[in-house]
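# Structure at a glance
For reference, the chains in residue letters:
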Amino acid sequence: MTDNSGVARVMGIDPQEIQEWIESFDAVLKEEGQEAATVLLDRLRSRAQKLGAGPAFTANTPYVNTIPVEKQGVFPGDQEIERRIKSLIRWNALAMVVRANRVDHSIGGHISTYASAATLFEIGFNHFFRGRTDEFEGDTVYLQGHASPGVYSRAFLEGRLSAKQLENFRRELRPDGGLTSYPHPWLMPDFWEYPTVSMGLSPLMAIYQARFNRYLEDRAIKPKTNAKVWAFLGDGETDEPETLGAITLASRENLDNLIFVINCNLQRLDGPVRGNGKIVQELEAAFRGAGWNVIKVLWGSDWDPLFERDVDGLLVKGLGEMVDGEAQKLVVESGAYVRQHVFGTDPRLLKMVENVPDEALRTLRVGGHDPRKVYAAYKSAVEHTGSPTVVLARTIKGYGLGESGEGRNITHQQKKLNEEELREFRSRFGIPINDEQLADTPFYRPSEDSREIQYLRARRQELGGYVPSRKVRSKPLVADHDALFREFLTGSDGREVSTTMAFVGMLRQMLRDPEIGKLVVPIVPDEARTFGMESLFRQVGIYSSRGQLYEPVDQHTLLYYKEAKDGQILEEGITEAGSMASFIAAGSAYATHGINTIPFFIYYSMFGLQRISDFIWAAADMRCRGFLLGGTAGRTTLAGEGLQHQDGNSHILALPIPTLWAYDPAFAYEIAVIIQEGIRRMYKDGESIFYYITVMNEAYAMPSMPPGPEIREGILKGMYKYRASENKKSKLRAQIFGSGAILREALKAQELLEEKYGVAADVWSVTSYKALYNDGINTERWNLLHPAEKPRVPYVSQCLRDAPGVLVAATDYLKALPNLVSKWVPRRLAALGTDGFGRSDGREALRNFFEVDSRFITLATLHELLQDGKIEATVVEKAIQDLGIDTEKANPLLT
Ligand SMILES: Cc1ncc(C[n+]2csc(CCOP(=O)(O)OP(=O)(O)O)c2C)c(N)n1
Ligand SMILES: [Mg+2]
């Protein structure tokens with residue numbers, strides 16, 4: 001190590017001169033204040049740049065606490081009692097995991113993450129996180145998912161969870177209930193608010209949540225408050241691209257309502273996060289570069305006197321040069337090792353600690369375990385204005401587990417402790433459990449009137465109640481909105497429109513509605529023009545927290561790009577993940593804010609369920625409501641775009657998400673019925689479901705809705721007969737199922753079959769194979785469990801009970817989609833679909849290539865009739881010729 005004066009000599013500058021510069025700067029700082037000192041530095045930097053001597057860019061500050069001791073302020077809590085509370089929480093969290101693992105070795109949980117995060121969480125719970133009350137909306141807190149044992153353990157002390165529940169951690173299927181492994185609002189709807197365990201989702205969600213809060217304020221939908229969004233992340237988690245992917249949005253939008261706390265224990269699951277580097281410095285550079293306020297909490301109070309003595313900056317320099325792998329090793333090593341490796345590099349450093357015993361060196365605390373340092377950081381974070389804040393807190397993974405896990409690479413998965421290890425942990429944290437009881441590892445809660453419980457309760461009361469705690473506070477909508485959708489039920493009078501245009505028309509209507517107009521949140525990832533939504537730019541404006549600071553190039557046009565502070569559209573730019581995070585914030589506002597916002601997120605359908613499915617899964621877990629619109633959908637309906645864009649997958653990918661209703665409508669009236677029903681179910685009846693609707697860009701005349709109550713019901717349940725054959729006499733009969741744009745191919749096939757082959761075919765619009773499938777499996781299940789009762793009949797079977805003839809389905813998605821229901825139809829089902837990679841070409845060529853056009857539907861129908869012995873093979877052969885089908889054509893699945 002070389003000190004500053006050494007460097008200076010090498011560079012040929014007199015150390016004396018450097019000292020004088022430093023003293024002058026100190027004087028300015030002292031006499032004129034911090035702002036003046038910053039101005040001075042800026043001026044010097046500009047001057048140097050101008051003269052060609054600009055300093056090298058550095059995004060880092062030295063490896064010390066950002067908040068100096070002098071600025072730390074006083075800790076307002078009772079440190080001793082908070083330490084005792086925290087120790088009890090540590091114990092119960094550990095006991096939960098150890099006990100769960102004893103009952104069943106395959107079950108367990110994580111001990112070491114919470115062990116590292118305990119102080120970070122507890123300072124939040126005791127001093128910062130505000131609950132949701134009638135007067136104040138409360139803070140939004142995303143807690144590191146696999147630290148959940150600590151959160152449960154706190155709730156146990158708070159009296160919110162019973163010992164029985166703790167006992168059943170990770171055994172949710174116990175008759176008396178259990179606790180979920182991670183935060184899942186779906187499974188614990190009164191407790192958890194935000195699912196966080198799929199790493200990288202919560203940081204992105206938190207950023208968009210903070211922005212959505214501002215959106216609601218700027219649009220005067222909720223009052224302006226100083227509520228904060230806190231997100232607690234792991235340092236390993238920052239490797240997920242989503243974690244850092246939107247941090248510039250947060251600073252661009254000046255989201256000073258957002259605080260990230262990154263638990264920098266330097267470890268992830270397998271080993272060090274950056275063994276050969278420094279994760280804190282790397283993150284500091286990234287966040288500072290992105291314009292965040294960065295607060296490093298690296299060293300505990302024990303270090304203060306050492307830094308005080310470090311007048312030459314040798315210690316700071318040495319710590320700054322030490323890679324994280326080595327820093328982790330210090331945790332597991334002796335005090336003598338610390339002396340040698342931290343202080344042994346220079347006699348002056350060794351002298352600094354000559355009177356400090358080895359044991360004191362071994363236990364020097366890092367910043368994230370020092371309540372005073374953490375408190376000071378959070379206080380500074382909540383008081384900071386103008387930009388978001390990230391607290392980078394250095395902690396130790398497995399803190400307190402000693403030999404059995406502290407700082408070890410195996411610690412992430414440590415679930416078992418032997419009696420000796422438990423005894424050590426118990427003694428270290430002063431848990432009043434005697435040696436005989438240790439084998440049982442009992443939970444411990446002091447009596448109701450103990451100081452600990454009183455204190456903890458009082459703190460939460462002061463802060464507005466318990467966190468986390470989920471409560472739905474929105475009031476149901478009242479209107480039925482018939483008038484809004486009426487015009488779409490009567491067709492387009494021969495005008496050719498796409499289902500996308502029809503949807504946009506409905507959106508425009510909804511935006512005008514007195515009840516729901518304000519609540520609608522249109523979300524687009526830079527695709528509004530693709531979907532013909534530009535008219536909405538002018539109608540409701542694009543949300544911009546700064547309004548519009550420039551005159552748009554197209555101002556003179558009717559549909560100019562209008563940005564406004566109270567704009568309603570969330571134009572997110574090219575980020576489906578970010579847009580989905582906005583959808584999640586808007587789709588859960590009924591719980592978070594008690595406001596029924598209705599998100600309509602419209603995107604290129606291939607870049608939705610395929611690209612950001614994990615966010616959609618999290619939205620479902622979070623009980624989100626709203627509408628996802630897969631635009632430009634269909635493998636053969638989106639012409640020209642080719643392999644990457646043409647979506648024949650999303651309806652299959654929508655299957656696994658239990659609360660997602662997926663529809664592939666063909667006509668405007670079908671969409672109108674689905675959306676109106678969706679609004680009713682979600683916002684009047686309060687069902688925690690959401691919708692996926694594919695809309696296409698193929699224009700055709702929209703028919704009016706056929707009469708009869710069964711049509712509406714059929715649209716919603718998944719199928720209805722759209723056009724029956726008028727030929728009642730033919731012996732050759734068929735039922736053809738079409739969906740979306742392919743329904744029109746089915747209708748053409750119906751004509752071909754009738755005219756050329758004498759086949760009378762009925763055509764059905766199958767709006768949702770998923771709905772039919774779910775109904776089928778639910779019915780089957782009921783029958784399985786009720787053998788003596790009259791069997792129930794799946795809806796699809798009911799529809800086809802008296803439907804004569806062969807069955808043929810054609811879809812713009814995989815053949816697997818119609819095949820989902822094949823077991824509940826009365827006879828064999830021939831399925832046509834678009835398995836394989838897309839191609840760029842026109843619709844006609846594509847539908848020929850994928851074998852889903854009217855010719856192939858006709859062929860499939862004739863083939864089925866041949867199978868049934870109703871016609872001769874020669875008829876089919878002739879048809880192949882007449883229809884111009886190339887039997888040697890490429891197989892779309894294999895080419
Ligand atoms: C998307 C995703 N990938 C993998 C995992 C599995 N996993 C759970 S915790 C963990 C390591 C976490 O390390 P870090 O973020 O540093 O948190 P720490 O436990 O160290 O606080 C991993 C890989 C996950 N939960 N989510
Ligand atoms: Mg970590």
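The preceding data block contains the structure.
Bear in mind the structure is a predicted one, so any value in this text is a computation, not a measurement. The numbers attached to residues start from 1 for each chain and follow its sequence in the written order. To read the labels, note that chains go from A and ligands from 1, taken in the order they are written. Since the coordinates come from a predicted model, pLDDT governs what is reported: local features require at least 70, and pairs of side-chain atoms require 80 or more to be given and counted, while whole-chain, interface and lining totals use all residues. Hydrogens and water are ignored here; the side-chain numbers use all heavy atoms of the structure.

### Considering the overall build of the protein
The helix and strand inventory of the protein stands at 37 helices and 20 strands. The principal-axis extents of the C-alpha atoms in the protein amount to approximately 105 × 75 × 55 Å. For the protein, with 895 residues in total, the buried portion stands at 58%. Any two residues whose heavy atoms approach within 4.5 Å are treated as being in contact. Counting contacts in the protein only where the partners sit at least 6 residues apart, residues at least 24 apart contribute 77% of the total. Roughly 37,100 Å² of accessible area belongs to the protein as shown, and the carbon and sulfur atoms make up 51% of that amount. By the counting scheme adopted, Arg and Lys are positive, Glu and Asp are negative, and His together with the chain ends is not counted. Charge positions come from single atoms, namely NZ of Lys, CZ of Arg, CG of Asp or CD of Glu. On the protein, the mean spot of the 105 positive side-chain charges and the mean spot of the 118 negative ones are 3 Å from each other. Strands are runs of DSSP state E lasting at least two residues, helices are runs of H or I lasting at least four, and both sets are numbered from the N terminus onward. Exposed residues in this analysis have more than 50% of their type's maximum accessible area, buried residues have under 20%, and partly exposed residues fall in between, with area computed by a 1.4 Å probe over protein chains only. Calculation of accessible area relied on Shrake-Rupley with a 1.4 Å probe; when residues are assessed, cover is drawn exclusively from the protein chains displayed.

### What about helix H19 (residues 419-428)?
What H19 keeps buried is the set Leu422, Phe425 and Arg426. Buried residues of H19, seen end-on, are gathered within an arc of 100° and therefore sit on one face of the element. Looking at the packing, one finds that the buried side of H19 touches helix H4 (79-103) and helix H20 (435-438). Any pair of nitrogen or oxygen atoms within 3.5 Å is treated as a polar contact; in protein, a donor-acceptor pairing is required on top of that, and neighbouring residues in sequence qualify only through side-chain atoms on both sides. Of the residues flanking the start of H19, the one acting as N-cap is asparagine 418, its side-chain oxygen 3.1 Å from the backbone nitrogen of glutamate 420. One or two steps after H19, the chain reaches glycine 430, where phi turns positive at roughly 60°. Working note: the arc is built from the helix axis to C-beta atom directions.

### What about the pattern of salt bridges?
Take a side-chain nitrogen of Lys or Arg and a carboxyl oxygen of Asp or Glu: if they are within 4 Å of each other, that pair is a salt bridge. The full count for this structure, using the stated rule, is 55 salt bridges. The salt bridge involving lysine 351 is made with glutamate 354; its shortest N-O contact spans 3.1 Å. Of the residues examined, lysine 351 reaches a relative accessible area of 53% and is grouped as exposed. Under the relative-accessibility criterion, glutamate 354 is labelled partly exposed at 48%. In this structure, glutamate 745 and arginine 847 form a salt bridge, with 3.4 Å as the shortest nitrogen-oxygen distance.

### Brief notes about the site of ligand 1
Taken together, 18 residues sit near ligand 1, with Thr113, Gln144, Asp235, Gly236 and Lys397 positioned nearest. Between ligand 1 and threonine 113 there is a distance of 2.6 Å, counted from an oxygen atom to a side-chain nitrogen or oxygen. The contact in question runs from an oxygen atom of ligand 1 to an N or O atom on the side chain of aspartate 235, over 2.8 Å. Look at ligand 1: alone it shows 580 Å² of surface, and the protein chains cover 76% of it. Here the shell around ligand 1 is composed, by residue class, of three nonpolar, ten polar and five charged. Whether a residue is near a molecule or strand depends on its heavy atoms: it is near if one of them lies within 4 Å of it. Residues are grouped as follows: Ala, Val, Leu, Ile, Met, Phe, Trp, Tyr, Cys and Pro are nonpolar; Asp, Glu, Lys and Arg are charged; all remaining types, including Gly, are polar.

### Quick word on the side chain of aspartate 853
Structurally, aspartate 853 is set in the loop between helix H35 (843-849) and helix H36 (854-867). Reaching out from aspartate 853, the side chain makes a polar contact with the backbone nitrogen of phenylalanine 856 at a distance of 3.0 Å. When near neighbours in sequence (up to four residues on either side) are disregarded, aspartate 853 contacts Glu745, Arg847 and Asn848.

### A word on the sheet that holds strand E5 (residues 389-394)
At least two bridges found by DSSP between two strands are what make those strands a pair. Taken in spatial order, the five strands line up as E1-E2-E3-E5-E4 in an open sheet, and their pairing is parallel. The two strands at the open ends of the sheet, each matched to only one other strand, are strand E1 (140-142) and strand E4 (293-297). Averaged over all pairs of adjacent strands, the angle between strand axes in this sheet comes to 15°, irrespective of strand direction. The strands touched by helix H11 (residues 279-289) within the sheet are strand E3 (258-264), E4 and E5, with E4 carrying the most contacts at an inclination of about 165°. Comment: axis = line fitted to C-alpha atoms, over the contacting stretch for helices; angle = value between 0 and 180 degrees taken between N-to-C directions.

### Digging into a negative patch on the surface
By definition, no residue in a patch forms a salt bridge, and every one has over 30% relative accessible area; like charges are joined within 9 Å, nonpolar side chains (Val, Leu, Ile, Met, Phe, Trp, Tyr) within 5 Å. On the surface, Asp14, Glu17, Glu20, Glu23 and Asp26 cluster together to form a negatively charged patch. Tracing the backbone shows aspartate 14 in the loop between helix H1 (4-11) and helix H2 (15-32).

### Examining the layout of surface pockets
Quantified by volume, the largest pocket comes out at close to 2,200 Å³. The wall of the largest pocket is formed by 44 residues, among which Phe25, Leu41, Arg45, Thr61 and Pro62 lie closest to the centre. At the level of elements, H1, H2, helix H3 (34-50), H11, E4 and helix H18 (371-383) are the ones that each hand at least two residues to the lining of the largest pocket. For the lining of the largest pocket, the leading source of residues is H2, giving seven residues. Taken together, the residues that form the lining of the largest pocket break down as 20 nonpolar, 15 polar and nine charged. Cavities and pockets are defined on a 1 Å grid built over the protein atoms alone: a cavity is a set of grid points where a 1.4 Å probe fits but cannot escape, while a pocket is an open set with protein on both sides within 12 Å along at least five of seven lines, and lining residues are those with an atom within 4 Å of any such point. Grid points are joined across faces, edges and corners, and a volume is the space filled by probe spheres set on the points.

### Digging into the sheet that holds strand E12 (residues 627-631)
Either a parallel or an antiparallel arrangement is found when strands of a sheet pair, and the pairing is made through backbone hydrogen bonds. Overall, parallel pairing links the six strands, which are arranged E10-E7-E11-E12-E14-E13 in an open sheet. Strands with a single pairing partner mark the edges of an open sheet, and in this sheet they are strand E10 (570-571) and strand E13 (660-663). In terms of strand pairing, strand E11 (residues 598-604) meets E12 through five bridges, oriented parallel. Residue phenylalanine 600 lies in a different strand from E12, and its bridge partner there is phenylalanine 627.

### Topic: the nonpolar core
Judged by nonpolar contacts, the single largest core of 183 residues is most densely connected at Ile207, Phe260, Met510 and Ile675. What isoleucine 207 contacts, discounting residues up to four positions off in sequence, is Ala246, Ile247, Leu249, Ala250, Leu255, Leu258, Phe260 and Trp292. Grouped together as the second largest cluster of nonpolar side chains are 65 residues, Leu179, Ile259, Val297 and Leu456 included. Each nonpolar core is a collection of buried residues, namely Ala, Val, Leu, Ile, Met, Phe, Trp, Tyr and Cys, held together in the definition by side-chain atoms within 4.5 Å.

### Quick notes on the packing of aromatic side chains
Between the rings of Phe, Tyr and Trp (Trp by its six-membered ring), a pair exists once the centres lie within 6.5 Å; its type follows the angle of the planes, with under 30 degrees stacked, over 60 edge-to-face, and the other angles tilted. For the coordinates displayed, the defined rule picks out 44 aromatic pairs. With a centroid separation of 5.8 Å and an interplanar angle of 65°, the aromatic rings of tyrosine 114 and phenylalanine 121 are classed as edge-to-face. Comparing tyrosine 114 with phenylalanine 121 shows no difference in burial state: the two are buried. An aromatic cluster is defined as three or more aromatic residues linked by ring pairs; in this entry it consists of Phe75, Tyr114, Phe121, Phe125, Phe128, Phe129, Trp230, Phe232, Tyr375 and Tyr378. Criterion for a charge above a ring: Lys NZ or Arg CZ within 6 Å of the ring centre, and within 35 degrees of the ring normal. Over the face of the ring belonging to tyrosine 182 we find arginine 170, whose NZ or CZ atom lies 5.1 Å from the ring centre.

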